[in-house]
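Coordinate inspection notes
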Amino acid sequence: MGRKVFLNGEFVDSENACVSIFDHGVLYGDGVFEGIRAYNGRVFRLEEHLDRLYSSAEAIRLEVPMTKGAFHDKIVETLRLNDLDNAYIRAVVTRGAGDLGLDPRKCKAPAVFIITDKIALYPGELYESGLAIVIAKTKRNHPASMNPRVKSLNYLNNIFAKIEAIDAGVEEALMLSVDGYAVECTGDNIFIASGGKLYTPSSDLGALEGITQKAVIELAQKRGIKTEYGRMLPDELLEADECFLTGTAAEIIPVVAIDGKQIASGSPGEITRQLRQDFRELTRAEGVEY
Ligand code: PXG
């Protein structure tokens, strides 16, 4: 049986799932999305992802043509139809097809689709040895030009930075704000541990408010480790005891070098290791069962 996807109210074979070339999601990146994970038959933090999807849509004045409850049910149904216990879920709402021209009023019906897939993780050894990253020359979108709370289909800013990482022969690039503070990587938030405390850049600087970031802050709190939303310069990252990235796809992954300079001993740290273990347990302990 081929893979089924949800598209505009029905389940169709993935080979036959098409959107219009006049869809403003295709023409302009006009739309919003979520990347969600399911672990052992449970969807992790589904309500938080749906809340973010609907608030992203609202911020661009895009009305999702189904209720949050119906969206929830369709995600679960797509997972069941594809018989996936562990999965990556992509939920997308585009502006829909309209005339050429930016005016969103030209698009009468938003397109909605849900894809479920197997997960392609970073190679396991990177979780043990840690990532080397570079600092991208491409600056993160300024919050005054693109609200970072909107998880939009327009990722070129981050794709430029990803290309810089690829050119440098590493997996990830750190993006700075226009005034030089660390913001986030191309699809992950960043944390440092320093003097027994965690620090992560806030969305005021242009970072997405990550759902994994929030979960990690909660886990740290349970261990008595405080987190501060702060401003960090690249030099301060290099002076940290530990550094790691968080995201739905990557989960928690240690960073051990930036621009060829080692952080602390150059090996993943103890807080990172503990949080990785706590996160693993959390993803198996909670979530919407299906
Ligand atoms: N910053 C950015 C710019 C992101 O796109 C995160 C941080 C981490 O947020 P969450 O809520 O996931 O902890 C993201 C998330 C993909 C993909 O397929 C991208 C993300 C998540 C899942 C999949 O590229 N981005």
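1. Observations concerning the domain arrangement of the protein chain
Taken domain by domain, the protein chain consists of domain 1 (4-117) and domain 2 (126-285). The partner domain 2 presents 22 residues to the 23 residues of domain 1 that form the contact. With both sides pooled, the region where domain 1 packs onto domain 2 buries about 2000 Å², and carbon together with sulfur makes up 57% of that total. Summed over the three residues of domain 1 that lose the most area to domain 2, namely F33, Y39 and R52, the buried surface amounts to 31% of that side.

2. Concerning the pairing of strand β3 (residues 31-39)
Of all the nine residues making up β3, nine are buried; the element is thus mostly covered by neighbouring parts of the structure. As paired strands, β3 and strand β5 (residues 87-94) are joined by eight bridges and run antiparallel to one another. For G35, the partnering residue across the bridge sits in β5 and is R90. Bridging between β3 and strand β4 (residues 42-43) involves two bridges; their strand directions are antiparallel. Note on β4: the bridge partner recorded for Y39 is R42. Taken together, β3 and the strand that follows it, β4, pair antiparallel across an intervening segment of two residues, in which N40 is found at a positive phi of about 45 degrees.

3. With respect to the sheet that holds strand β1 (residues 4-7)
With antiparallel pairing, the seven strands of this open sheet are ordered in space as β2-β1-β6-β5-β3-β4-β16. With partners counted over all chains shown, the strands left at the sheet margins are β2 (10-13) and β16 (288-289), one partner each.

4. Examining the site of the ligand
Taken together, 19 residues lie near the ligand, and R90, Y155, E184, T212 and T248 sit nearest. For the ligand, a nitrogen atom lies 2.7 Å from a polar atom in the side chain of E184. Surface burial for the ligand is 88%, taken as the share of its 540 Å² of free accessible area covered by protein chains. Among the elements of the structure, β5, α6 (211-222) and β13 (242-247) are those that each provide at least two residues to the shell around the ligand. Of the residues in the shell around the ligand, the class split is four nonpolar, ten polar and five charged. Each of domain 1 (4-117) and domain 2 (126-285) gives at least three residues to the shell around the ligand.

5. Re the packing of α6 against helix α8 (residues 270-285)
The contact between α6 and α8 brings their axes to 10 Å, and the two run at 110 degrees. By the criterion of interaxial angle, the relationship of α6 to α8 is roughly perpendicular. Judged by residue contacts, T212, A215, V216, L219 and A220 of α6 engage L275, D278, F279 and L282 from α8. In terms of residue class, the contact of α6 with α8 is built from seven nonpolar, one polar and one charged.

6. Focus: the nonpolar core
Ranked by internal contacts, the top residues of the largest apolar core, which has 24 residues, are F71, I75, L79, I89 and V93. Sorting the residues of this core by element identifies β3, α2 (46-59), α3 (68-81), β5 and β6 (111-117) as the ones contributing at least two each. The dominant element in this core, judged by the number of residues it contributes, is α2, at five residues. If we ignore the near neighbours within four places in the chain, the residues touching F71 are L50, L53, Y54, V64, M66, A91, V93, V112 and I114. Formed by 22 residues, the second largest nonpolar core is a distinct cluster that contains A182, M232, A240 and I258.

7. Things to note about the packing of aromatic side chains
Scanning the model with the defined rule gives seven aromatic pairs in all. Between F44 and F279, the ring centres sit 5.5 Å apart and the planes meet at 80 degrees, which makes this aromatic pair edge-to-face. Of this pair, F44 sits in the loop between β4 and α2 while F279 sits in helix α8, and the two are 235 residues apart along the sequence. Just as F44 is buried, F279 falls in that class too. Taking the centre distance of 6.2 Å and the plane angle of 80 degrees together, the rings of Y54 and F71 count as edge-to-face.

8. With respect to the pattern of salt bridges
Enumeration according to the criterion identifies 21 salt bridges in this entry. A salt bridge links E184 to R140; the shortest N-O distance between them is 2.6 Å. Of the two residues, E184 is situated in strand β9 (residues 182-185) and R140 in the loop between β7 (131-135) and α5 (156-168); the sequence distance between them amounts to 44 residues. The same class applies to E184 as to R140, namely buried. In this structure, E270 engages R273 in a salt bridge whose closest nitrogen and oxygen atoms are separated by 2.6 Å. Linking E270 with R273, this pair stays in helix α8, spanning three residues, or about one helical turn. Since its relative accessible area comes to 41%, E270 is described here as partly exposed. Here R273 falls in the partly exposed class, since its relative accessible area comes to 43%. Ionic contacts of the salt-bridge type, sharing partners, join the residues R45, E48, K214, E218 and E286 into one network.

Calculation criteria
- Residues numbered from 1 in each chain as written.
- Predicted model: local features only at pLDDT ≥ 70, side-chain atom pairs only at ≥ 80, totals over all residues.
- Heavy atoms only, no water.
- Domains from an automatic or database assignment.
- Contact = heavy atoms within 4.5 Å.
- Buried area = accessible area lost by both parts, 1.4 Å probe.
- Buried < 20%, exposed > 50% of the residue type's maximum accessible area, 1.4 Å probe, protein only.
- Helix = DSSP H or I, 4+ residues; strand = E, 2+ residues; numbered from the N terminus.
- Pairing = 2+ DSSP bridges.
- Near = heavy atom within 4 Å.
- Polar contact = N/O pair within 3.5 Å; in protein donor to acceptor, adjacent residues only side chain to side chain.
- Areas by Shrake-Rupley, 256 points an atom, 1.4 Å probe, with all protein chains shown as cover.
- Nonpolar A, V, L, I, M, F, W, Y, C, P; charged D, E, K, R; others polar.
- Axes fitted to C-alpha atoms, helices over the stretch in contact; angles between N-to-C directions.
- Parallel < 35°, antiparallel > 145°, perpendicular 65-115°, else oblique.
- Core = buried A, V, L, I, M, F, W, Y, C linked by side-chain atoms within 4.5 Å.
- Phe/Tyr/Trp six-rings, centres within 6.5 Å; stacked < 30°, edge-to-face > 60°.
- Salt bridge = Lys/Arg side-chain N within 4 Å of Asp/Glu carboxyl O.

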